[in-house]
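# Structural characterization, general
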Amino acid sequence: MGRVDRKEVLAKALEGVDREHDMIYEILNKIQYSHTNHLSAGLRKSLIKELYLFLDFHFTSEENLLVMFDCPDCELHKKEHDVLRHKLAELIGSLDVEDFDYGDLEEFVTEWLKSHTRHSDARLSQFIEIQCRHELGKES
Ligand SMILES: [Fe+2]
Ligand SMILES: [Fe+2]
């Protein structure tokens, strides 16, 4: 493997964040499908676990970028991630409850993500784009 430069890491990071956001919505679609089709409780519980694990991965990945590129509002962004991490951990803790409302979970996560990606993640992407352009400017 050759030497990786800053521009390459920045460009791939931007692609990665977008791809991971799409993945989160794919998992939410599977949760909705399993809910509306009354699939087994075990599967639904496992899908919620998949959502939690993927979100934790995605948040950790974004947090590493925030630190790696010295992005502004790093601590605030991390705090927002922690809010969802804790909320999901609480919900997963109550998954054995017979009347657990998957619809509520889906609605909560979807609304949270919409707001977070529109503001905090958009700022992160914008910052990375500016850094990319800066790196390209150095080459010309
Ligand atoms: Fe984020
Ligand atoms: Fe994100």
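Residues numbered from 1 in each chain as written. Chains lettered and ligands numbered in written order. Predicted model: local features only at pLDDT ≥ 70, side-chain atom pairs only at ≥ 80, totals over all residues.

Put simply, the test is: UniProt positions are given in the numbering used here, feature names are shortened, and annotations may be inferred rather than shown by experiment.
In the nomenclature of an unreviewed UniProt entry, the protein corresponds to Hemerythrin-like domain-containing protein from the organism Geofilum rubicundum JCM 15548. We quote the UniProt Sequence similarities (unreviewed entry) comment for the protein here in full: "Belongs to the hemerythrin family."

### Side note on helix H2 (residues 41-68)
The condition that has to hold: Under the scheme used here, helices are H or I runs from DSSP no shorter than 4 residues and strands are E runs no shorter than 2 residues, and both carry numbers assigned from the N terminus. In this scheme, a helix's expected span is set at 1.5 Å multiplied by one less than its residue total. With C-beta atoms placed from the backbone, the exposure class of a residue follows from how many other C-beta atoms lie within 10 Å of its own: 20 or more, buried; 12 or fewer, exposed; in between, partly exposed. Think of it this way: build a C-beta for each residue from its backbone, and any pair within 7 Å is a contact.
If you check H2, its first and last C-alpha atoms are 40 Å apart, about what 28 residues at 1.5 Å a residue would give, namely 40 Å. Every buried residue of H2 is listed here: Leu47, Ile48, Leu51, Leu55, Glu62, Leu65 and Leu66. Those residues of H2 that are buried lie in contact with helix H1 (6-36), helix H3 (74-93) and helix H4 (102-139). Directly beyond the C-terminal end of H2, a positive phi value near 55° is found at Asp70.

### Some points on the nonpolar core
Put simply, the rule reads: Put simply, a nonpolar core is a cluster of buried Ala, Val, Leu, Ile, Met, Phe, Trp, Tyr and Cys residues tied together by C-beta atoms within 7 Å.
Ile31, Leu47, Ile48, Leu51, Leu55, Leu88, Leu105 and Val109 together form the largest nonpolar core, which totals eight residues. Of all the elements, H2 adds the most residues to this core, at four residues. Membership of the second largest hydrophobic core comes to five residues, among which are Leu10, Ala13, Leu66 and Leu124.

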